[in-house]
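Chain residues, written in single-letter form:
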Amino acid sequence: GVFAHLEMLEARAHEAAVKQEETEQREEKLARLKARVQELRLQRDELRAKVDLQQKGQLGKEGVVSDPAQPSAQAVLEWKIKSVKAMLQVFYLTGISGKLTKRGVCFCISTAYEGTYLDSYHLDLLTKAEVQIHRHSVPIFIPLEQIAKKYLQTDIRRFLSVLSDHLNAYAGRRYQADQLQGRFSDRIEGTLQRNSLCNLLVFNYNVSSKSKTFPFNARLLYGDLCCSLPTEVTVSCTPDAPASLAEMAAAHSDLFRRVALHKAFCSFSSAEESVD
């Protein structure tokens, strides 16, 4: 009957949405691989520069052999500047840009989701004996202090990469919640509840078929703060609902785990319009 046809259309919409999501994931993976290639090239250039420094140290001035462990201060400075510039070029490919300042480096981390540019965050680092965060615009609920404690002094590239992952995932989760509220407000019953980090979303929504409307409750938990898709999803309907609705709730739960929230609702709407 109607429910069987609706389930068939939702299955088709689910398959199309999953395929689109897989395509986007492949494109993101390709971008990450390209950035990794650039990073490996940077490491190769750094090794070459170190070898050149050592050779220059051995030759010294006018053919006099000097201590290979003590290259000239000017040579070391030139190598550091070259390395920092190369590092900034690598980060630019992943949405991180930066510029040298008198006291260190100022980074800008840009966030985006599905090709839509969102917000940018700034990080001003002091590069002296110990790298320090001078000032920043990172939201207070992003675990900046923990990330810095783990990576800042030992691997600044990893520090920026992990911080960027957190910021982009947060921006993606918030974008999905905003899209849901803005584009599907007629489907949402009451207020969409979310915390500052947008890693917990709770909302009620309606599923319509012909002249009947059925209420569903959804709870999405994003256990991985570097991911914009939920790790745990619970979708439930009223206890007295038909068995077919319980199956539909399970299908919705699966779709929420694999597809962006607003895309899932687009597939719901398309399926219902086809039935109606």
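Residues numbered from 1 in each chain as written. Predicted model: local features only at pLDDT ≥ 70, side-chain atom pairs only at ≥ 80, totals over all residues. Heavy atoms only, no water.

**Section: the pattern of salt bridges**
Between side chains of opposite charge, a pair can form when the charged atoms approach closely.
Consideration 1: All chains considered together, the criterion is met by 4 salt bridges.
Consideration 2: The partner of Lys263 in a salt bridge is Glu114, with the nearest N and O atoms 3.2 Å apart. Here Lys263, found in helix α6 (residues 261-275), pairs with Glu114, found in the loop between β2 (104-113) and β3 (116-127); they are 149 residues apart in sequence, far enough to count as distant.
Consideration 3: Exposure remark for Lys263: the relative accessible area of 14% places this residue in the buried category.
Consideration 4: A salt bridge links Arg194 to Asp178; the shortest N-O distance between them is 2.7 Å. Highlighted residues: Arg194 in strand β5 (residues 188-194) and Asp178 in helix α4 (residues 156-183), separated in sequence by 16 residues.
Consideration 5: For Arg194, a relative accessible area of 32% corresponds to the partly exposed category.
Consideration 6: We classify Asp178 as partly exposed; its relative accessible area is 36%. (Salt bridge = Lys/Arg side-chain N within 4 Å of Asp/Glu carboxyl O. Helix = DSSP H or I, 4+ residues; strand = E, 2+ residues; numbered from the N terminus. Buried < 20%, exposed > 50% of the residue type's maximum accessible area, 1.4 Å probe, protein only.)

**What to know about the packing of aromatic side chains**
Given two aromatic rings, their pairing is described by the distance between the two centres and the angle made by the two planes.
Consideration 1: For the coordinates displayed, the defined rule picks out 10 aromatic pairs.
Consideration 2: Consider the rings of Phe256 and Phe265, whose centres lie 5.9 Å apart with planes at 20°: the pair is stacked. Grouping residues by exposure puts Phe256 and Phe265 together as buried.
Consideration 3: Put simply, the rings of Phe184, Phe203, Tyr205, Phe216, Phe256 and Phe265 pair up and form one aromatic cluster. (Phe/Tyr/Trp six-rings, centres within 6.5 Å; stacked < 30°, edge-to-face > 60°.)

**A look at the sheet that holds β3**
Consideration 1: Read from one edge of the open sheet, 4 strands run β1-β2-β3-β4, paired in antiparallel fashion. Since the sheet does not close on itself, it has two edges, and those belong to β1 (96-100) and β4 (131-136), each with one partner. Averaged over all neighbouring strand pairs, the angle between strand axes comes to 25°, with direction disregarded.
Consideration 2: Looking at chain direction, β1 and β2 are connected through 5 bridges and run antiparallel. Note that in β2 the partner of Lys99 across the bridge is Cys106. (Pairing = 2+ DSSP bridges. Axes fitted to C-alpha atoms, helices over the stretch in contact; angles between N-to-C directions.)

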